[in-house]
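Chain and residue survey
Each chain is listed here by its residues.
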Amino acid sequence: MPMKLFKCDETIPEREKHIYIKEKGEDTTQFLPSAHVETIPGSLSERGCSYCGAKLVIGGVLKDTIQLIHGPVGCAYDTWHTKRYPSDNGNFQLKYVWSSDMKEQHVVFGGEKLLKKAMLEAFAEFPDIKRMMVYTTCSTALIGDDIKPVVKEVEKELGDVDIFTVECPGFAGVSQSKGHHVFNMGWMTDKVGTFEPEITSPYTINVIGDYNIQGDTFVMEKYMEKMGIQIIAHFTGNGTYDSLRGMHRAQLNVTNCARSAGYIANELKKKYGIPRIDVDTWGFDYAKEGLRKIGAFFGIEDRAEAVIAEEVAKYESKLAWYKERLAGKKVCIWTGGPRLWHWTKALEDDLGMHVVAMSSKFGHQEDFEKVIARGEEGTIYIDDGNELEFFEVLEMVQPDLVLTGPRVGALVKKLHLPYVNGHGYHNGPYMGFEGAVNMARDMYNAIYSPLMKLAKLDIRGEQMKTVITEEKRKLIESEVQQLKSVDITSTEPIAALESSKFDTQPLLLPADKPLHRESEVQQLKSVDITSTEPIAALESSKFDTQPLLLPADKPLHRESEVQQLKSVDITSTEPIAVLESSTFDTQALLLPANQPLPQWQQIGSNLFAFLEQLPKYLGRFSTEYQLPIICFATIIAATIAVKLVLAVLDVLNEIPQLNLVFELTGIGYISWFVFRYLLKASTRQELAAQISFIQKEIVEGQDS
C-alpha cells in the first residue's frame, strides 16, 4: 500500500492519508496525499497562519509602503525581518515595523480609535511615504473592528495617501495559503487599474510570484533588460505600490510561484485578457526553458538564445565542478509548496543528486501532482509534516542534506545533519544560472564541512573511555613528579607538604569514623617514586577522595606523621606497590584549633552569625518604630487606592457616551428633587423634618 502510516502516528491514524511513498507502475493521481486541509489535532504542524501568508510572504516585500498591523505588537514582530527580501532603496521594508499595539483594554472596548491614531502617527513619522497596507489579526477580527471606514477617514483627512486593507486574520484558513489568496483577490479587486504606468518598451511583462529572496529579482531583471523587455510590476519582490496598481498594462504574466500568486495571474487573464505562462527559474535547464518561453511569446528567440549562451559560458564549468562532487548525494526538501517541484528535477538533472523525501507546509493537491510526477520511485511525500515524522523519515532515508526552513533546520542540526535554508537561502541568490551555482556551492559547503563531520563523530563508548584514561594518566604522572621533589629529610616537614600541590581544602570525616593516619602513613615507607609504571598502581589505589573532618579535641600531629616518611626508600624499584594498598588521603586536613582560620571561613562565620541574629534585629526595629511604620504603610496604601480609583475613572471615561449618561442622570435627579421638596411649603417642612431626624440619629444618638 503506497499510503504510509508512520510509527510515530499510530495515535493519529488519520495521518496515513497525508503520506505517500512512490512505487513503480502506479497511477500517482490515485495516491495523492490529502493536502490543503485542516491540521489534525494532536499533530504539531509547521504551518504558518493566514495573516502571515498575506503580510510576510507578499505585502511586506514592497519597498515603499508602510505595513501597519492592527493587533498586538507580537503579530508585527513575528513577521518582521524574518526573510531576506532586499530592495534597491536601502532596504526600507526591512528596517521598520509598524503596529497599532493593541492591549487588553482595546480588545474589550474596541481598537478603531487606536488604529486611526496609529495610522496618522505612521504617516507623520514618514512624510515621504504616501502608501500604506493595513492588516487585521486574530484579535481585531474576533472583536469585530471594521477597518475600512477608518481607512476612508484617514484618506479623506490626509488627501494624498493611498491605503490597502488586508482582512485576513490568522485563523481564517488552514494555512498561510489562505493569506496568499485573500491578498491576491483583494488587490485585484481594489487596486489594479487605478494607476497608469509609463511604457518604455514594445515588450512588457508582469513578474508574478517572485519575492527577491537575496536578490532573485535582480537576476530576472538583468535577463529581461538584456532581452529588451520592460517589467511593469514585480509581484512583489523589489516592487512598488503604484507599479502593482498598473499591472493591467502588461502583455504577459510570467508566473514563478504559482501557489502564492497564481490567483492574480488568472484574474488578470479573465478581466484584461493578459496570457499567463509558468516558468521554473531555479536550475540551469529550467532557466534556459523559461527564457525560451518568454522569447518565443514575443518572437525574440534570438535575444533569449544570446542571453542563455552568455550565462552558460560563465557558469557551466563551475556547475560541473560541483556536480562531480554532489552526484549521488541524497537530499530532503521540506519547504512551502512549489519549491518541491521547482527544485526536484533541477537537483536531479543538473547535479545528479537524489531527492529522497519531500514535505509541503501549504501545498495543494496540484502541487503534489506535479512533484510526484517529477520525482523518483521510493521517494516519500508528506503533507503538513510534523517533527516526529521528520525524525522517522531521517532514520529511514539517511540523507546527506536537508533543504528546509530555519525552524526545522534547527532540529536537523541537532541531529548532526547539514541543512541549507530553503526559505531565505544561505548565500543567494539561487535564481537563474548564477543562482544554480550559488545553491550548489552552499550544498557542497554544508555536506563537506569539516565541522559537520566532527559533529557526526560520536566520542562516547570506547572512545570516551580512551580519552578519560589518557587525561587521568597525565594528571597522575604530574602528581607523581611533584612527589619526587619532596625533601622527606627536611626538619621543616610542614613547609614541604604545604609547597606540594595537594588540594588544601578541609577534609570531613563522619563522626563515627576515626582517623587512622599512622597506619596509613606506615604503608608509604617502601614507596619507590621512580617506578616507570605509575598509572596502574594509582588507578587501583584506594585513595579516600571524601573530605575529612578531625574532631575538635583531636589535634593533628603533622610532624610526627611526616617523621615516619624519613625512612622511605626513594630508590626502590617498586614504589607503586605501597601506594596501591595505601588509603592515604591526599586532601589537606583542617588546621588545629589554635591556628588562625582562613579569611573565607572568617567571613562565612560572621555572615552566619549575622543571619542568626537578623530576626531579633527586625523584631526590635518594628517595636521601636511601630508608629512611623504604620504611618508609612498607610500613606502607601492610600496612594495605591487613589491610583486605582483614577485608573478606574480613566477606563470609565473611555466608554463611549458614558459621560452623557451620567450627566443626564444627574440632571434628572436634580429636577426630581426640586419638584419633590422645594416648590411647596409643605414639602419643604417635610424635608426639614427629615434632616432634623437624621441629625438626632447621627449626632445625638436618639430615636425620634
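Details of the structure are given in the entry above.
Report follows, based on the coordinates. Counting restarts for each chain, with residues numbered from 1 along the sequence as it is written. Selection of residues for local features in this predicted model requires a pLDDT of at least 70, selection of side-chain atom pairs for listing and counting requires 80 or more, and totals for whole chains, interfaces and linings are taken over all residues. Hydrogens and water are ignored here; the side-chain numbers use all heavy atoms of the structure.

**Notes on the overall build of the protein**
A count of helices and strands for the protein gives 29 helices and 14 strands. The buried share of the protein, taken over its 704 residues, is 44%. Whether two residues are in contact is decided by their heavy atoms, any of which lying within 4.5 Å being enough. Pairs at least 24 apart in sequence give 75% of the contacts found in the protein among residues at least 6 apart. Only the protein chains shown count as cover for residues, with accessible areas throughout obtained via the Shrake-Rupley method and a probe of 1.4 Å. Total accessible area on the protein stands at roughly 37200 Å², and carbon and sulfur atoms take up 57% of it. Only DSSP runs of H or I with at least four residues qualify as helices, and only runs of E with at least two residues qualify as strands; both kinds are numbered from the N terminus onward. Residue exposure (1.4 Å probe, protein chains only): buried if accessible area is under 20% of the type maximum, exposed if over 50%, otherwise partly exposed.

**Thoughts on unusual backbone geometry**
Residue Phe235 is joined to Thr236 through a cis peptide bond whose omega torsion reads 5 degrees. Residue placement: Thr236 occurs in strand E7 (residues 230–236). Note the cis peptide between Gly428 and Pro429, where omega equals 5 degrees. A positive phi is found at His36, a non-glycine position, where the angle reads about 55 degrees. Inspection of the secondary structure puts His36 in the loop between strand E1 (19–21) and helix H1 (50–58). By relative accessible area, His36 is classed as partly exposed at 31%.

**A short note on the pattern of salt bridges**
Criterion for a salt bridge: a side-chain nitrogen of Lys or Arg within 4 Å of a carboxyl oxygen of Asp or Glu. Overall, the coordinates contain 30 salt bridges when judged by the stated rule. Salt-bridge contacts for Lys226 lead to Glu311; the nearest nitrogen and oxygen are separated by 3.3 Å. In this pair, Lys226 sits in helix H9 (residues 216–227) while Glu311 sits in helix H13 (residues 301–326), placing the two residues 85 residues apart along the sequence. The class of Glu311 is buried, set by a relative accessible area of 0%. Beyond isolated ion pairs, a larger network of salt bridges with shared partners links Arg131, Asp162, Lys191, Asp242 and Arg245.

**Quick look at the side chain of Asp9**
If you trace the backbone, Asp9 turns up in the segment before E1. Comment: no salt bridge for buried Asp9; closest opposite-charge side chain is Arg15, at 4.3 Å. Filtering out sequence-adjacent residues up to four positions away, Asp9 remains in contact with Arg15, Ile19, Asn386 and Glu389. In summary, the charge assignment counts Lys and Arg as positive and Asp and Glu as negative, without counting His or the chain termini.

**Comments concerning the pairing of strand E12 (residues 380–383)**
Residues Ile380 and Ile382 of E12 are buried on one face, and the alternating residues Tyr381 and Asp383, pointing to the opposite face, are buried as well. When DSSP finds two or more bridges between two strands, those strands count as paired. Sheet topology note: the E1/E12 ladder contains three bridges and is antiparallel. Counterpart to Ile19 in the pairing with E12 is Ile382. Pairing analysis gives four bridges linking strand E11 (residues 354–360) to E12, with the strands arranged parallel. The partner of Ser359 across the bridge, within E12, is Ile382. If the strands point away from the viewer and the path from the first strand over the helix to the second runs clockwise, then the crossover is right-handed. In terms of handedness, the path from E11 via helix H15 (residues 365–374) over to E12 forms a crossover that is right-handed.

**A closer look at the pairing of E11**
Strand residues, when the strand is regular, have side chains that alternate between the two faces of the sheet. Judged by how many residues are buried, E11 sits mostly within the fold: six of seven residues are covered. Two strands pair when backbone bridges link them, and strand E10 (residues 330–335) and E11 are joined in this way by six bridges, in the parallel orientation. Opposite Cys332, over in E11, you have Ala357 as the bridge partner. For the crossover from E10 across helix H14 (residues 339–351) to E11, the handedness is right-handed.

**A short note on the sheet that holds E10**
With mixed pairing, the six strands of this open sheet are ordered in space as E1-E12-E11-E10-E13-E14. This sheet does not close on itself; its edge strands, each paired only once, are E1 and strand E14 (419–421). Strand after strand, the sheet turns through a mean of 15 degrees between neighbouring axes, direction not considered. The axes used here are C-alpha line fits, helices contributing only the stretch in contact, and every angle between their N-to-C directions lies in the interval 0 to 180 degrees.

**Structural notes on the packing of H14 against helix H18 (residues 432–447)**
Describing two packed helices takes the angle between their axes plus the distance from one axis to the other. The contact between H14 and H18 brings their axes to 12 Å, and the two run at 80 degrees. When the axis of H14 is compared with that of H18, the two are roughly perpendicular. Contacts between H14 and H18 pair Trp343, Leu347 and Leu351 from the former with Met439, Ala440 and Met443 from the latter. Of the residues belonging to the contact of H14 with H18, the class tally is six nonpolar, no polar and no charged. Angles are sorted into four bins: roughly parallel if under 35 degrees, roughly antiparallel if over 145, roughly perpendicular if 65 to 115, and oblique for all others. All residues other than Ala, Val, Leu, Ile, Met, Phe, Trp, Tyr, Cys, Pro, Asp, Glu, Lys and Arg, Gly among them, are scored as polar; the first ten of these are nonpolar and the last four charged.

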